[in-house]
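Working through the structure, step by step
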Amino acid sequence: MPRHSSYLHCYLYTSTKPCTFIVFDFVRQFPHYFVGSNADLPIVGGSILSHDHFQGGRYTFAMEKAEIETPFEIKGYPDVTAGIVKWPLSVIRLRSADPERLTLLSTGILSKWRAYTDREAMILAETNGTPHNTITPIARRRGEDYEIDLCLRNNLTTDEHPMGLYHPHAEWHHIKKENIGLIEVMGLAVLPSRLQKELDILEDYIAKGKDIASDERTAKHAKWAAQFAPELIGKPREHIRAALEEEVGRVFMHVLEDAGVFKRDEKGKSAFMRFTGTL
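**A short note on helix α7 (residues 237-259)**
- Across its 23 residues, α7 extends 33 Å between first and last C-alpha, which sits within 8% of the 33 Å expected from 1.5 Å per residue.
- Turning to α7, its buried residues number three or more, namely I240, A243, L244, V248, V251, F252, V255, L256, D258 and A259.
- Each element contacted by the buried residues of α7 is listed here: α4 (182-185), α5 (194-208) and α6 (222-225).

Next comes the structure, spelled out in C-alpha cells:
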C-alpha cells in the first residue's frame, strides 16, 4: 500500500476550465505523476461536492496496468487511440500526442454521456430533472503521449438498491458500503477502519473454531465467512490472515463490478458498444 506521501490533494474552488483541461495542464508540468478528479455527483463522487477535488501521485495503480480490451475508432479523431479497458468498472481510454485533442474529445464524450439513456441497460440520464450520468477522469503520460481514462459513472437509485444501483450492493456492506471514489476506481480499496479490529477477531474465532455469529462485532461477517472458514480451522495464524485478506480482496472486486455501469458479460459488453457507437 502506498504511503500518504505518494499522493497530492488539490482543491480548486473556482475554475474557468473543464476538469479535463486541468488534468492535462498538470501532467504536462509533472509528467511523472497521474492526476484525476472525483466525479461531481452524489453517491459516485467525493464526499464534498462544493469544489473540484483532484488527487494525484507518483504511484502505479492496477487500472493503469490494465490493457485495452476492445479498441474502437471515433470519427474525426484518427490521431487518437481509443478503446474499452479490461476492468470491472466501465472505462474508456484515450491516447494521443496532442493533449488539446484529448481535451476536446474527452469533453465531448462527457457531454454525450451526460445525456445518454439506454433503458435496456438500465442507464437513465435523468429522472424528474435530476441528472445521473458523469465521469471520473484520470490522466497520465505514456512516454511522449498523453493518456486519459474516462470511467463512466451513474448514481441512479432503485427500490432494491436505495443507496445506488451502481454502488456497493447490500451483500457486501459488511466489508464496504461507502462511495467508490477516484482511488478505488483505480483499484486500491479504501476500507473502513472498523475492519482492522473485526478481522483480528475473525482470525481468532476461525483459528479456534468459535461461533462467529455469537459476537455482535463479527456477526455481520458470519454468512460470508462460512464459505471459507471451515477449511481454515486449526491452520497457522498467518495462513488464516492471508486467506482473510484474499477474501476481502474478492469482495472489493465484486464492489467494483457493482459500480460498473456496463457489466462484464456479453449483454453488458454489447450495451457498452452501443454507447461507443454514438461517439
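**Overview of the pairing of strand β9 (residues 133-142)**
- Here β9 lies mainly inside the structure; nine of its ten residues are buried.
- In terms of strand pairing, strand β2 (residues 34-37) meets β9 through two bridges, oriented antiparallel. Bridged to V35 within β9 is A139.
- Relative to strand β10 (residues 145-154), β9 runs antiparallel, the two being bridged by ten bridges. Looking at β10, one finds that I138 is bridged to D149.
- Counted between consecutive antiparallel strands, the loop separating β9 from β10 contains two residues, among which G143 sits at a positive phi close to 65°.

Conventions adopted
Residues numbered from 1 in each chain as written. Predicted model: local features only at pLDDT ≥ 70, side-chain atom pairs only at ≥ 80, totals over all residues. Heavy atoms only, no water. Helix = DSSP H or I, 4+ residues; strand = E, 2+ residues; numbered from the N terminus. Expected span 1.5 Å × (residues − 1). Buried < 20%, exposed > 50% of the residue type's maximum accessible area, 1.4 Å probe, protein only. Contact = heavy atoms within 4.5 Å. Pairing = 2+ DSSP bridges.

From the geometry alone we can't say anything about function, so treat these as descriptive.
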